[in-house]
Amino acid sequence: EMIPRSPPGACTKGDVVGLLVMVVGLVLFLGAHVFTTRREARAQVIARLGEGTYKLAYTVVALAGLALIVWGFAEYRNGGGWIQLWTPPKALKHINLALMRPAVIMIVAAYIRGRIYTTLKHPMLAGVKLWAFGHLLANGDLGGIILFGSILAWAVFDRISLKRRADAGGPPIPVGGVGNDVIAVVIGIVVYLALTFAFHPVVLGIPVMGG
């Protein structure tokens, strides 16, 4: 849960700088992912730079964007206060916590492919949408709405674009059975606990459990 450090609506220098850095990070991170959906433009860039150079540039831009998102959001939330637009009831925070478990498991299942993977078809996007939606419910501040709203919008856009892409299917990918699902669930729970008790309170300075 969030612990306000200044009156709702208060805006500090840390808030503004953090928000700007986070927005730049979102533009880089989501922009790189959106660009991959533009198949003709992507093919032209690969033909000009080479596939290896393109992948390296894509990775650098995406990681730089992710780093800026994390740093900017942490700076914004720890800058002395944040820009509160509305105060979500505690029930929505509990719903968010409940949604995070399947969301993380879905994301893990995108790499450890089993029945979950074949059922959802795109468990990564399903998990990201669930994660972003849950966080939108639990956060009523401007930065949170921008961050999670942007990611949710991208995930919806990417899922729609997959249906329209001629090469969306790609080559056949080996898929395991229920054993892979069990592994995905176990790893997902471990990752969920790490995010809850390590990443949130240590990196972002936002305790999830307790006051």
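Residues numbered from 1 in each chain as written. Predicted model: local features only at pLDDT ≥ 70, side-chain atom pairs only at ≥ 80, totals over all residues. Heavy atoms only, no water.

This brings us to the overall build of the protein. Helix and strand counts for the protein come out as 8 helices and 0 strands. Secondary structure elements of the protein occur, N-terminal to C-terminal, as α-α-α-α-α-α-α-α. Taken over 211 residues, the protein has a buried fraction of 37%. Contacts spanning at least 24 positions in sequence make up 78% of the contacts within the protein whose residues lie at least 6 apart. (Helix = DSSP H or I, 4+ residues; strand = E, 2+ residues; numbered from the N terminus. Buried < 20%, exposed > 50% of the residue type's maximum accessible area, 1.4 Å probe, protein only. Contact = heavy atoms within 4.5 Å.)

Our focus in this paragraph is the packing of aromatic side chains. The tally for this structure, following the rule as stated, stands at 4 aromatic pairs. Ring plane angle 75° and centroid distance 6.0 Å describe the contact between Phe73 and Phe148, whose orientation is recorded as edge-to-face. With Phe73 in helix α3 (residues 51-77) and Phe148 in helix α7 (residues 142-164), this pair connects stretches of sequence that are 75 residues apart. Judged by its relative accessible area of 4%, Phe73 falls in the buried class. Look at Phe148 and you get buried, because its relative accessible area is 4%. Among the aromatic residues, ring-to-ring pairing joins Phe73, Tyr76, Trp131 and Phe148 into one connected group. (Phe/Tyr/Trp six-rings, centres within 6.5 Å; stacked < 30°, edge-to-face > 60°.)

Turning next to the pattern of salt bridges. Taken as a whole and judged by the stated rule, the model has 1 salt bridge. Ionic pairing is found between Glu51 and Lys55, a salt bridge with its closest N-O pair at 3.1 Å. Taken together, the residues Glu51 and Lys55, both in helix α3 and 4 residues apart, mark about one turn of the helix. A residue is classified by how much of its surface remains accessible, and Glu51, at 45% relative accessible area, is partly exposed. (Salt bridge = Lys/Arg side-chain N within 4 Å of Asp/Glu carboxyl O.)

So, about the confidence of the model for the protein. In this model, the protein carries an average pLDDT of 86, and 85% of its residues clear a pLDDT of 70 or more. By mean pLDDT, the top-scoring element of the protein is helix α6 (residues 123-138) (95), and the lowest-scoring one is helix α8 (residues 178-204) (87). (pLDDT = per-residue confidence, 0-100.)

Time to look at unusual backbone geometry. One non-glycine residue, Lys121, lies in positive phi territory at about 70°. Along the chain, the position of Lys121 falls in the loop between α5 (115-120) and α6.

What follows deals with the nonpolar core. Within the largest apolar cluster, 19 residues are counted, with the highest numbers of intra-cluster contacts made by Met22, Leu26, Phe73, Tyr76, Leu147, Ile151 and Trp154. Those elements that place two or more of their residues in this core are α1 (13-35), α3, α6 and α7. At 7 residues, α7 tops the list of elements feeding residues into this core. Residue contacts for Trp154: discarding those within four places in its chain leaves Leu30, His33, Val34, Leu125 and Val128. Core analysis: the next-biggest nonpolar cluster, separate from the first, contains 13 residues, Met100, Ala103, Val104 and Val208 among them. (Core = buried A, V, L, I, M, F, W, Y, C linked by side-chain atoms within 4.5 Å.)

The next thing to look at is α6. In a regular helix each residue adds 1.5 Å, so 16 residues correspond to 22 Å; α6 covers 22 Å between its end C-alpha atoms and thus fits that length. Every buried residue of α6 is listed here: Pro123, Leu125, Gly127, Val128, Leu130, Ala132, Gly134, His135, Leu137 and Ala138. (Expected span 1.5 Å × (residues − 1).)

If you want to describe how two helices pack, look at the angle between their axes and the distance between the axes. At a closest axis distance of 10 Å, the pairing of α3 and α7 adopts a crossing angle of 160°. On the basis of their axis angle, the class for α3 and α7 is roughly antiparallel. The handedness of the crossing between α3 and α7 comes out as left-handed. Together, Ile69, Phe73 and Tyr76 of α3 and Leu142, Gly143, Gly144, Leu147 and Phe148 of α7 make up the contact between the two elements. When grouped by side-chain class, the residues that make up the contact of α3 with α7 number 6 nonpolar, 2 polar and no charged. (Axes fitted to C-alpha atoms, helices over the stretch in contact; angles between N-to-C directions. Parallel < 35°, antiparallel > 145°, perpendicular 65-115°, else oblique. Left-handed = near helix turned anticlockwise from the far one by under 90°. Nonpolar A, V, L, I, M, F, W, Y, C, P; charged D, E, K, R; others polar.)

With that settled, consider the packing of α6 against α7. In contact at an axis separation of 9 Å, α6 and α7 are set at 155° when each is read in the N-to-C sense. As summarised for this structure, α6 and α7 are arranged roughly antiparallel, according to the angle between their axes. Crossing of α6 against α7: the hand is left-handed. For the pair α6 and α7, the contacting residues are Leu125, Val128, Lys129, Trp131, Ala132, Phe133, His135 and Leu136 in the first and Gly144, Ile145, Phe148, Gly149, Ile151, Leu152, Trp154, Ala155, Val156, Asp158, Arg159 and Leu162 in the second. Within the contact of α6 with α7, the residues separate by chemical class into 14 nonpolar, 3 polar and 3 charged.

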